[in-house]
Amino acid sequence: MNHLLQKEVEVFSHQTSKEGKAQCGDSYYFTATDEYFLCVLADGLGSGKYANEASSAVAEVVEENKDEDVETLMKLCNKVLLHKRGAAVAIVKAYFKTKDFVYSCVGNIRFYLYSPTGKLTYPLPVTGYLSGRPQLFNTHRYPFEEGARFLIHSDGLRISSTKSLLKDSFSLEYIAQELERSYSNTDDDLTFIVGSLLS
């Protein structure tokens, strides 16, 4: 499990490959600066080598262009997937100063934001996947409260009680360990990223 802790954000991430596959078809990248937290998760179509090739290209292009806005990053992700397998892609960028975040997703990746006041934000993704073809993106901006928690995961994680798990009576580390312990499976690639916006 990977862990990032900075003044404004704390994140845990975990990933497993489908049984029998040497490479995971999911890829992710996240980073935090003094101004923002950025996270991308890509789920390559299928599994194995070519799914990994597609999802890795997405993570790499976001890392190389991390200062761009979400809409631009989604367009770059789409472009880099031309002549590749294709991938479901989700990007979230939280801005610490304005206490809001921008989110966009195409495909079956799930994102939840749980505020300390008990509100659960669950943006609906655009169906389909990125493949280099012309694509419309639903990019939305949402406010967040200090201490808000989020979970982003590929469809290998099947969880039904997101709100109860994200509530603040549990530590973030406990939530990550519980997700790894109780929801891991071997019949699909699985990635989750769980975090707290501390600013």
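Numbers given to residues run from 1 along each chain, matching the order in which its sequence is written. Thresholds applied to this predicted model are a pLDDT of at least 70 for local features of residues and 80 or more for the giving and counting of side-chain atom pairs; totals over whole chains, interfaces and linings are not thresholded and use all residues. Just so you know, side-chain values use all the structure's heavy atoms and leave hydrogens and water out.

J.: Can you explain the sheet that holds strand E8 (residues 120-121)? Please cite residues and give values.
T.: Should DSSP find at least two bridges between two strands, the strands are taken to pair. Each helix is a run of DSSP H or I of at least 4 residues and each strand a run of E of at least 2, with the numbering of both proceeding from the N terminus. In spatial order, the strands read E1-E2-E11-E10-E7-E8; together these six strands make up an open sheet with antiparallel pairing. Both outer strands of the open sheet, strand E1 (2-5) and E8, are each paired with one neighbouring strand and no more. Bridge analysis of strand E7 (residues 110-114) against strand E10 (residues 148-153) gives five bridges, and the strand direction is antiparallel. By the bridge assignment for E10, Tyr 112 is matched with Leu 151.

J.: So what about the pairing of strand E2 (residues 9-16)? Which residues, and what values?
T.: With respect to burial, E2 is a largely interior element, six of its eight residues being buried. Relative to E2, E1 runs antiparallel, the two sharing four bridges. Counted as the bridge partner of Asn 2 is Ser 13 from E2. Two successive antiparallel strands, E1 and E2, enclose a turn made up of three residues. Bridging between E2 and strand E11 (residues 190-197) involves eight bridges; their strand directions are antiparallel. Residue pairing in the sheet places Ser 13 in a bridge with Ile 193 of E11. Any residue under 20% of the maximum accessible area for its type is buried, any over 50% is exposed, and the rest in between are partly exposed; the area is computed with a 1.4 Å probe on protein chains only.

J.: Give a detailed account of unusual backbone geometry, specifying residues and quantitative values.
T.: Non-glycine residue His 83 carries a positive phi angle of around 70°. Within the secondary structure, His 83 sits in the loop between helix H2 (70-80) and strand E5 (87-95).

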